[in-house]
Amino acid sequence: MSNPFWSDIVRDLEPYVPGEQPKLANLVKLNTNENPYGPSPKVLEAIAAESGDSLRLYPDPNGSALKQTIAEYYRVSPDQVFLGNGSDEVLAHVFQGLLKHSHPILFPDITYSFYPVYCGLYQVPFERVPLAENFSIRVADYERDNGGIIFPNPNAPTGMLTPLADIEWVLEHNRQSVVVVDEAYIDFGGETAISLVDRYPNLLVTQTLSKSRSLAGLRIGLAVGNAELIEALERVKNSFNSYPLSRLAIVGGVAAFEDEAYFQKICRRVIDSRQQLVIELTELGFQVLPSAANFILARHPQQVAGELMLQLRQRGIIVRYFNQPRIEQHLRISIGTAEQNGQLLAALKQLIG
Ligand SMILES: *Cc1c(COP(=O)(O)O)cnc(C)c1O
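Since this is a predicted model, take the numbers as computed values, not measurements.

A. Structural detail: the pattern of salt bridges. Summed over the entire model, instances satisfying the criterion amount to eleven salt bridges. In this structure, the salt-bridge partner of Lys67 is Glu234, at a minimum N-O distance of 2.7 Å. Here Lys67 is found in helix H3 (residues 64-74), whereas its partner Glu234 is found in helix H7 (residues 227-237), with 167 residues between them in sequence. In this structure Lys67 comes out as buried when scored by relative accessible area, which is 7%. Relative accessible area serves as the criterion here: at 11%, Glu234 is assigned to the buried category. Between Arg138 and Asp141 there is a salt bridge, with its nearest N and O atoms 2.9 Å apart. Here Asp141 falls in the partly exposed class, since its relative accessible area comes to 25%.

Here it is in structure tokens:
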């Protein structure tokens, strides 16, 4: 499709396709890695308290209250924190402000599919680095000329964790380029690389409140890194949208970081459910990659993944299927409540058993 009014860039874009957000109620929705538990009640209280006359006023363009809270939480200074309207927006600014150079950036062949989309939008050259046979990130492959490096940890959609020591190896061997670690799922079983930002001025860590803090609908993402990297992102942001976080998002985000007990409780539940689900899927004959995220990537040697996905859908259960080399026989399944996981297993037993 094309139109004479479109710019050349728009004509050639291949936009990201998000997982379906169906309008039907009562679906067992295991396709977009949302948290199956609600946000902290304290977040809801803070948002309710902010829902009043003050909404006629613009929010703090700097989101200082939330930056301060995050800085204290991670023991960094507020000028090492960047905020965006979801980490997808933070990542967009990262591609434009820190990863756009003459040399190609590197990311895994199987990874978050938004990365190549941003490369198209911002004209960033890139090369895909194949994951190892077992789907792990082989850090030695990242010791080569590049304009920057980005990967999620744990990786998506594999769920596999790269140890912090391996990340440090990448940083040490790439002191001339920015290394971005996208920690959208780190709270479900990994250790954050934020502890390394003071030693590595080339490290930027991004996180989101969408998954582990159950606030996908509020849209809050963040980055932590050296103050000069953050300054680059502020320059892009202040040339794009001065008010990326609403008043509701700022107060809700603060409350989310303050309610540590609730956060720990729901992360623990998701991790426990994941372990249980892996055991039961394995009993059904699935091969499941080791996951440190709130989803798993699994294949059944006797089943065609695309068909299984459709059969589950007919039973009201939606999971994610990627028609893409190396993982076209896998399904990505978000971890639901114990009840939702039970419904999934019951359906699979019928279909396979
Ligand atoms: C979900 C996700 C994000 C984006 O999260 P936001 O909702 O935009 O904050 C970023 N990276 C990865 C790998 C994700 O899975």
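Back to the write-up after that little detour.
B. The environment of Asp141, seen in detail. Of note, Asp141 is situated in the loop between strand E4 (126-129) and strand E5 (149-152). Between the C-alpha atom of Asp141 and that of Arg56, which follows or precedes it by 85 residues, the distance is 52 Å. Setting aside residues no more than four positions away along its own chain, Asp141 makes contact with Val129 and Pro130. Polar side-chain contacts of Asp141 include one of 2.9 Å to the side chain of Arg138.

C. Structural view of the domain arrangement of the protein. Along its sequence, the protein is carved into domain 1 (8-38 + 261-352) and domain 2 (50-259). Domain 1 and domain 2 are separated by 24 Å when their C-alpha centres are compared. Contacts between the two partners involve 34 residues from domain 1 and, on the opposite side, 34 residues from domain 2. Counting each side, the surface lost to burial between domain 1 and domain 2 is near 2600 Å², with a carbon and sulfur contribution of 64%. In terms of surface lost to domain 2, no three residues of domain 1 exceed Tyr16, Phe263 and Arg326, which account for 28% of the buried area on that side. Applying the counting criterion to the domain 1 and domain 2 interface returns one salt bridge. Across the salt bridge formed by Arg326 and Asp109, the nearest N and O atoms sit 2.9 Å from each other. Taken together, the links from domain 1 to domain 2 amount to eleven residue pairs in polar contact (both at pLDDT 80 or more). Elements that contribute at least two residues to the side of domain 1 that touches domain 2 include exactly helix H9 (260-283), strand E10 (295-299) and strand E12 (330-334). Top element by residues in the side of domain 1 that touches domain 2 is H9. It accounts for eight residues.

D. Structural context of the site of the ligand. Contacts to the ligand come from Gly86, Ser87, Asp88, Tyr112, Asp182, Ala184, Tyr185, Thr208, Ser210, Lys211 and Arg219. Between the ligand and Tyr185, the relevant distance is 2.5 Å, taken from an oxygen atom to a side-chain nitrogen or oxygen of the residue. Starting from 390 Å² of accessible surface for the ligand in isolation, the protein chains cover 92%. Each residue belonging to the shell around the ligand can be placed in one class, and the counts come to three nonpolar, four polar and four charged.

E. Geometry of the environment of Leu98. Assignment of secondary structure puts Leu98 in the loop between helix H4 (87-97) and strand E3 (105-108). Between the C-alpha atom of Leu98 and that of Asn341, which follows or precedes it by 243 residues, the distance is 40 Å. What Leu98 contacts, discounting residues up to four positions off in sequence, is His93, Gly147, Val178, Leu204, Leu229, Ala232 and Leu233.

F. Region of interest: helix H2 (residues 41-50). Those residues of H2 that sit buried are Val43, Ile47 and Glu50. On an axial view of H2, the arc spanned by its buried residues comes to 65°, and they lie on one face. Opposite its buried face, H2 presents the exposed residues Glu45, Ala48 and Ala49, each directed more than 90 degrees away. The N-terminus of H2 is capped by Ser40, whose side-chain oxygen sits 3.0 Å from the backbone nitrogen of Lys42.

Reading the values: the criteria
Residues numbered from 1 in each chain as written. Predicted model: local features only at pLDDT ≥ 70, side-chain atom pairs only at ≥ 80, totals over all residues. Heavy atoms only, no water. Salt bridge = Lys/Arg side-chain N within 4 Å of Asp/Glu carboxyl O. Helix = DSSP H or I, 4+ residues; strand = E, 2+ residues; numbered from the N terminus. Buried < 20%, exposed > 50% of the residue type's maximum accessible area, 1.4 Å probe, protein only. Contact = heavy atoms within 4.5 Å. Polar contact = N/O pair within 3.5 Å; in protein donor to acceptor, adjacent residues only side chain to side chain. Domains from an automatic or database assignment. Buried area = accessible area lost by both parts, 1.4 Å probe. Near = heavy atom within 4 Å. Areas by Shrake-Rupley, 256 points an atom, 1.4 Å probe, with all protein chains shown as cover. Nonpolar A, V, L, I, M, F, W, Y, C, P; charged D, E, K, R; others polar. Arc of directions from axis to C-beta.

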